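Chains, contacts and geometry: an overview
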Amino acid sequence: MKDLRKERLLELLADQTIFGLSEEEIMELGRLKNQFPDWEDDVSLELPAAMIGLSDLDTDDMLPANLRAKIFTDADVFFSPNKESQEILNSAPKANKTVGSLATESGGNIIEVKTKQPFWQWLGWGLAAAACVALVISLWLTRTQKEPEIALNTETVKTPEVAGTPETVKTPESLKTPEAAQTPESVKSPETVKTPESARTPEIIKTPEVARTPEPVKTPAPELTAAQKREQLISSAPDVIQTNWTSAKDDKRVLGDVVWSNVQQKGYVRLRGMPVLDASKETYQLWIIDERNEKTPVSGGIFNVTRTGEIIIPINAQLRINKPKQFAVSKEKAGGVVVTKPDRIVAVAKI
Amino acid sequence: MAQIILKRIASGDKSAVQECLDTYGGLVWSLARRMSPNSDDAEDAVQEIFIDVWKNAARYDEAQASETTFVAMIARRRLIDRLRKTNRQPNIDSLEDVLAEPSGGKDTDIQMYVEAKEAAQAMKNLRPEQRQILHLSIVQGFSHQEIADALTMPLGTVKTHARRGLLQVREFLGLGDKDFEKEAAV
């Protein structure tokens, strides 16, 4: 019994390696691996398959630059020593930038975002806060009419409230950082220090304005027709090639051309005189024969001709084309095919 | 020198990533293009494969295989899984053309990899139908159903030939488990 299960395990491992498994088979394999834990990490079948798979491999093509860049970005995340701290680090600069732009209104927030202070430093701040509270209470007791303004004040607003006392008049000036002193807001609005009304965080009033500024409305560009896109490609791509269609069968006359830019990997087929097909039964399929791998025509997409006259179809190459040698159109069953046969080809365009 | 890339990756040496891409980028890209329905899919697959390579780098055992084979194995695993999930077929060669040409490829096609030569040598020991089916499935990317249709062979027979062929190649390459080698005897 055990041998049969082991044999089945081996079958599934081989099938998985060669063809892949269905969901049911994957579950079955999982159950069997539980019974034979020694085979959990076995790769003795995958390795020979990988070696066989190295045959006929064209590795001349390098990774596309954009893909390479994406992988490096993946690597940045993957090799981050601490993903959580990475996130914090990533978010911190954003917070600083955001708050930094509003530095004159909420300097206290900057301190909170930037650093984590040791306890003894917080203790100092606590004592300072307690002193402020004591001062506020003292002022309240002596000058109760000022209470509402004090209650509204942040650090910057406190200054004018206590301006009556010589000690505190100096405080705001000395507390100004050079940066704050240089900010246009600070320079432009000395009143904010002098007058309690304007000192009530004028920036706070401004801030919602900024926040509410609507994103510039992007008006969608009008969709170009296939003919316009084709013309655009011809005029913009220096490497564009153009070749004419010829009928693969003598009984039909096919007119038109192909334009293709290898740099942009983009092109258009223009055809005239193609027989109309019943779209529920048949379709045309475009093929690109790459010079580097002529035996493997790359599908360029399927299209239907439902009316007579000229049609223009964008080429949708399923793989990157190294150097096109020939384009072909075949007549296939509805939905298209993975591989075609020579007798299905109805038109060719040689480069 | 290439053999130390995965060890460096496993130890968290990010500077090895560039070398990894330089050395195996073309290999992974070629495999992905061969086994993906389109280039967008191939690009997504390549990203996933390299993450898989980094995750599994610590499992690499140089006594078992070269880094090239290991990376190709990780790539194949991911590509087969993607095909299975999307239920799509790769963009593949014409089966008629493939069948018209003997399997195994030209020497020039495989000179880049010693491993490919070894595998090709091992394949020569297989029965013709086993060799053909393994080539069609692993190298050309055809499904078992497509092979069964093309060769007018029952699906079960295709699978059996493929399994036995692979087990024998494993044995010839000296990668097999002793117990299983006996069971794989045909």
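All values reported here derive from a predicted model rather than from experimental measurement. (Residues numbered from 1 in each chain as written. Chains lettered and ligands numbered in written order. Predicted model: local features only at pLDDT ≥ 70, side-chain atom pairs only at ≥ 80, totals over all residues. Heavy atoms only, no water.)

**As for the overall build of chain A**
Where we set the bar: Comment: elements are numbered from the N terminus, with helices defined as DSSP H or I runs of at least four residues and strands as E runs of at least two. We call a residue buried when its accessible area falls under 20% of the maximum for its residue type, exposed when it is over 50%, and partly exposed in between, using a 1.4 Å probe and counting protein chains only. Residues count as neighbours in contact if any of their non-hydrogen atoms are within 4.5 Å of one another. The Shrake-Rupley method, run with a 1.4 Å probe sphere, supplies the accessible areas, and residue values consider only the shown protein chains as cover.
From N to C terminus, chain A includes 16 helices and 9 strands. Buried residues in chain A amount to 35% of all 351 residues. By sequence separation, contacts in chain A at least 24 residues apart represent 56% of the contacts at least 6 residues apart. Working note: accessible area of chain A is about 21400 Å², and carbon and sulfur atoms make up 58% of it.

**A look at the overall build of chain B**
Helix and strand counts for chain B come out as 11 helices and 0 strands. Element order for chain B, N to C, with α for helix and β for strand: α-α-α-α-α-α-α-α-α-α-α. Counting across all 186 residues of chain B, residues that qualify as buried make up 54%. Contacts spanning at least 24 positions in sequence make up 64% of the contacts within chain B whose residues lie at least 6 apart. In the form shown here, chain B has an accessible surface area of approximately 8200 Å², with 47% of it arising from carbon and sulfur atoms.

**Looking at the side chain of Arg33 of chain B**
Considering the arrangement of structural elements, one finds Arg33 of chain B in helix H2 (residues 16-34). Since its relative accessible area comes to 13%, Arg33 of chain B is described here as buried.

**Looking at the interface of chain A and chain B**
Where we set the bar: Put simply, buried area is how much 1.4 Å-probe accessible surface two parts lose in total, over both of them, once they are put together. N or O atoms within 3.5 Å of each other form a polar contact, as long as, within protein, one can give a hydrogen and the other can take it, and as long as residues adjacent in sequence are counted only when both atoms are side-chain atoms.
Tallying the contact residues gives 63 residues for chain A and 82 residues for chain B. In total, chain A and chain B occlude about 6700 Å² of area from one another, counting both sides; carbon and sulfur atoms represent 66% of this. Joining chain A to chain B, the criterion identifies 9 residue pairs in polar contact (both at pLDDT 80 or more). Among the secondary structure elements, those contributing two or more residues to the side of chain A that touches chain B are helix H1 (2-18), helix H2 (23-35), helix H3 (46-53), helix H4 (65-78) and strand S6 (293-303) of chain A.

**Observations concerning the sheet that holds strand S2 (residues 246-247) of chain A**
Within a beta sheet, neighbouring strands are joined by backbone hydrogen bonds and run either parallel or antiparallel to one another. Residue and element names in this part refer to chain A. The line we're drawing: Here the rule is simple: two strands pair whenever DSSP picks up at least two bridges between them.
Read from one edge to the other, the open sheet built from 5 strands follows the order S2-S9-S8-S5-S6, with strand pairing classed as antiparallel. At either margin of the open sheet sits one strand with a lone partner, and together these are S2 and S6. Pairing analysis gives 9 bridges linking strand S5 (residues 282-290) to strand S8 (residues 324-333), with the strands arranged antiparallel. Looking at the pairing, Tyr284 lines up with Lys331 of S8.

**Concerning the packing of H3 of chain A against helix H4 (residues 67-86) of chain B**
Quick reminder of the rule: Note on definitions: angles span 0 to 180 degrees between N-to-C directions of axes, and those axes are lines fitted to C-alpha atoms, for helices only across the stretch in contact. Angles below 35 degrees are treated as roughly parallel, those above 145 as roughly antiparallel, those between 65 and 115 as roughly perpendicular, and all remaining angles as oblique. Residue type decides the class: Asp, Glu, Lys and Arg count as charged, Ala, Val, Leu, Ile, Met, Phe, Trp, Tyr, Cys and Pro as nonpolar, and the leftover types, Gly among them, as polar.
Contact geometry for H3 of chain A and H4 of chain B: axes closest at 8 Å, N-to-C directions at 95°. Considering the angle they form, H3 of chain A stands roughly perpendicular to H4 of chain B. Each of Glu46, Leu47, Ala49, Ala50 and Met51 of chain A in H3 of chain A lies in contact with H4 of chain B, whose residues at this interface are Thr69, Ala72, Met73, Arg76 and Arg77 of chain B. Residue classes in the contact of H3 of chain A with H4 of chain B are distributed as 6 nonpolar, 1 polar and 3 charged.

**Some details on the sheet that holds strand S4 (residues 266-272) of chain A**
All names here are of chain A. Strands sit in the order S1-S3-S4-S7 across an open sheet of 4 strands; the sheet is antiparallel. A strand with exactly one partner marks an edge of an open sheet, and here the two such strands are strand S1 (241-244) and strand S7 (310-314). Put simply, the sheet's adjacent strands are angled 15° from each other on average, direction ignored. Pairing between strand S3 (residues 255-261) and S4: 7 bridges, direction antiparallel. Pairing of Ser261 across the sheet is with Lys266, part of S4.

**Re the nonpolar core**
Note the threshold: Note on terminology: a nonpolar core comprises buried Ala, Val, Leu, Ile, Met, Phe, Trp, Tyr and Cys residues joined through side-chain atoms within 4.5 Å.
Counting 78 residues, the largest nonpolar core has Ile52 of chain A together with Ile9, Val46, Phe50, Trp54 and Leu134 of chain B as the members making the most contacts within it. Among the elements that make up this core, the one with the highest residue count is H2 of chain B (10 residues). Setting aside residues up to four positions removed in sequence, Trp54 of chain B forms contacts with Ile71, Asp74, Ala75, Phe78 and Phe79 of chain A together with Ile9, Val17 and Cys20 of chain B. Residues Val258, Ile288, Phe303 and Ile313 of chain A belong to the second largest nonpolar core, which totals 25 residues.

**Thoughts on the pattern of salt bridges**
Counted only if it meets this: Salt bridges are counted wherever a side-chain nitrogen of Lys or Arg sits within 4 Å of a carboxyl oxygen of Asp or Glu.
For the coordinates displayed, the defined rule picks out 24 salt bridges over all chains. Close ionic contact of Glu25 of chain A with Lys159 of chain B constitutes a salt bridge, the shortest N to O distance being 3.9 Å. Here Glu25 of chain A is found in helix H2, whereas its partner Lys159 of chain B is found in helix H10 (residues 155-172) on a different chain. The same class applies to Glu25 of chain A and to Lys159 of chain B, which are both buried. Of the charged contacts in the structure, one is a salt bridge between Arg84 of chain B and Asp81 of chain B, with a shortest N-O distance of 3.1 Å. With Arg84 of chain B and Asp81 of chain B both in helix H4 and 3 residues apart, this pair spans about one turn of that helix.

**Focus on the environment of Met51 of chain A**
Residue position: Met51 of chain A is located in helix H3. Setting aside its immediate chain neighbours within four residues, Met51 of chain A contacts Thr69, Glu115, Ala116, Glu118, Ala119, Leu173 and Leu175 of chain B.

**Some points on helix H7 (residues 114-123) of chain B**
Note on helix geometry: an α-helix contains 3.6 residues per turn, so any two residues three or four positions apart are oriented the same way. Inclusion rule: Each C-beta atom gives one direction from the helix axis, and the arc is the one those directions make.
Residues of H7 of chain B that are buried: Glu115, Ala116, Ala119, Ala120, Ala122 and Met123 of chain B. An end-on view of H7 of chain B places all buried positions within 160° of arc, on one side of the element.

**With respect to the pairing of S6 of chain A**
All names here are of chain A. With 6 bridges connecting them, S5 and S6 associate as antiparallel partners. For Ile288, the partnering residue across the bridge sits in S6 and is Val298. Turn length for the S5-S6 hairpin, with the two strands adjacent in sequence and antiparallel, is 2 residues.

**So, unusual backbone geometry**
One non-glycine residue, Gln265 of chain A, adopts positive backbone phi at about 55°. A positive phi angle is found at Thr152 of chain B, which is not glycine, with a value near 45°. Structurally, Thr152 of chain B is set in the loop between helix H9 (144-150) and H10.

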